[in-house]
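# Notes for the structure review
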Amino acid sequence: MNQTPPGNPAGQVSIASLDEAVALAKNLKEPGSIEQFVNWARKHSLWPMPFGTACCAIEFMGMVSSTVDISRFGAEFVRFSPRQCDLMIVAGTIVSKMAPVLRKIYDQMAEPKWVISMGSCSNTGGMFNTYSVLQGIDRIIPVDYYVPGCPPRPEAVVYAMLELQKQIAKETDIMKSREHFREAWVRGLKARGQTPKSQILHGKRESL
Amino acid sequence: MSELAQKAAGRLKSALGKKVLEILEDERGVVVRVGAADILAALSTLKADGETPFDMLSSATAIDWLHWQEETGLPQPKARFSLIYNLYSISGQTRIFVEAALGDGQTAPSAVELYASANWAEREMFDMFGIKFSGHPDLRRIYLADDFEGHPLRKDFPRHGRDPQDFPQE
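All values derive from a computational prediction rather than experimental measurement.

## Side note on the overall build of chain A
Of regular secondary structure, chain A possesses 8 helices and 4 strands. Starting at the N terminus and ending at the C terminus, chain A contains elements arranged as α-α-β-α-β-α-β-α-β-α-α-α. Counted over contacts in chain A with a minimum sequence separation of 6, partners at least 24 positions apart contribute 73%. Surface summary for chain A: the accessible area is close to 11,100 Å², and the carbon and sulfur share equals 58%.

## Things to note about the packing of helix 2 (residues 33–43) of chain A against helix 6 (residues 154–169) of chain A
How two helices sit against one another is set out by the angle between their axes and by the gap between those axes. Residue and element names in this part refer to chain A. Where helix 2 contacts helix 6, the two axes come as close as 8 Å, and the packing angle between them is 160 degrees. By the angle between their axes, helix 2 is roughly antiparallel relative to helix 6. Both helix 2 and helix 6 take part in a crossing whose hand is right-handed. Contacts between helix 2 and helix 6 involve Asn39, Arg42 and Lys43 on the former and, on the latter, Gln165, Ile168 and Ala169. Tallied by class, the residues present in the contact of helix 2 with helix 6 amount to 2 nonpolar, 2 polar and 2 charged.

## Here we look at helix 4 (residues 118–129) of chain B
Residues and elements named next belong to chain B. In a regular helix each residue adds 1.5 Å, so 12 residues correspond to 16 Å; helix 4 covers 15 Å between its end C-alpha atoms and thus fits that length. Across the 12 residues of helix 4, 10 count as buried, placing the element largely inside the fold. Within helix 4, the full set of buried residues consists of Ala118, Asn119, Ala121, Glu122, Arg123, Met125, Phe126, Asp127, Met128 and Phe129. For helix 4, the secondary structure elements touched by its buried residues are strand 3 (56–64), strand 4 (81–89), strand 6 (107–109) and strand 7 (132–134). Directly after helix 4, the chain includes glycine 130, whose backbone phi takes a positive value near 75 degrees.

Criteria and thresholds
- Residues numbered from 1 in each chain as written.
- Chains lettered and ligands numbered in written order.
- Predicted model: local features only at pLDDT ≥ 70, side-chain atom pairs only at ≥ 80, totals over all residues.
- Heavy atoms only, no water.
- Helix = DSSP H or I, 4+ residues; strand = E, 2+ residues; numbered from the N terminus.
- Contact = heavy atoms within 4.5 Å.
- Areas by Shrake-Rupley, 256 points an atom, 1.4 Å probe, with all protein chains shown as cover.
- Axes fitted to C-alpha atoms, helices over the stretch in contact; angles between N-to-C directions.
- Parallel < 35°, antiparallel > 145°, perpendicular 65-115°, else oblique.
- Left-handed = near helix turned anticlockwise from the far one by under 90°.
- Nonpolar A, V, L, I, M, F, W, Y, C, P; charged D, E, K, R; others polar.
- Expected span 1.5 Å × (residues − 1).
- Buried < 20%, exposed > 50% of the residue type's maximum accessible area, 1.4 Å probe, protein only.

This is the structure:
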């Protein structure tokens, strides 16, 4: 097979995102272009932190392996240390005993950080409508994207990641570590008549 | 298989006499009913049995009989809880069940001295039913968080837990 992308001279590979960066780098003197450049760098180097506690984590393996392969979108390294990651993918049921651990690992991640909630259990508790399961991880951490499914297909999570990349590209306040996002999360919880679990937020346990 | 267990139950009856309240056979196999105070006597006799020593405690669990009659129409047991010890004889390859009735708030004797596996089983019973075991070396919750309130396998525990924020009342 000797296919060349249309409009390209033979033998020359076009990487669309790299072309974008070169175009951005040429206009760095224009206002707002630094933000655009930083956003470009951030969205193409999302390092996922897998927080896999149930069967969704098995689908997550499918995302990383060759068929779907999220490294095509810059999420090359799945790191198991929160300090090296900026995208937390919560894949699985979070029981109330696990909730402080989840919060602690979220707190250990460096800014800026994003969260994808993968699957019904982490979205809403799913079918585990019972005393021991946290009814949605958004009670303790802010979530950027919810992926429905039980479990979702890897493509669905990749779609969420691509949507997240679009969102990152729109970020205007790159130095303020997305504090506005967390404030909006607390406002959203209050609108639903809920409060974030305050003691969990401060690293102390509280019955959930 | 159950002949071995039946014979062992017969030997238990002759050793303990009136302490053995009932010997029956149901879908589980051979079941020996004793009083809560005689659990250790029954377990140690079965463990030291000459022909089929029941040397392994494969599980120990409890049943809460609250609302049993209302929900099933079957006769209501007098005591609130049943303790059930599932013993296995490795050499005889047979099982026997020891059952004891236990009232609410009553303390049961711990079998940890006899069977090491009773340690976690009794902690689970404490966690889920709130049954206390005297003589247990480390009686604290095993599955749920240490500050969890209530014992969820008790029939009067709300199915959804206690937080109205997470579980709007039906």
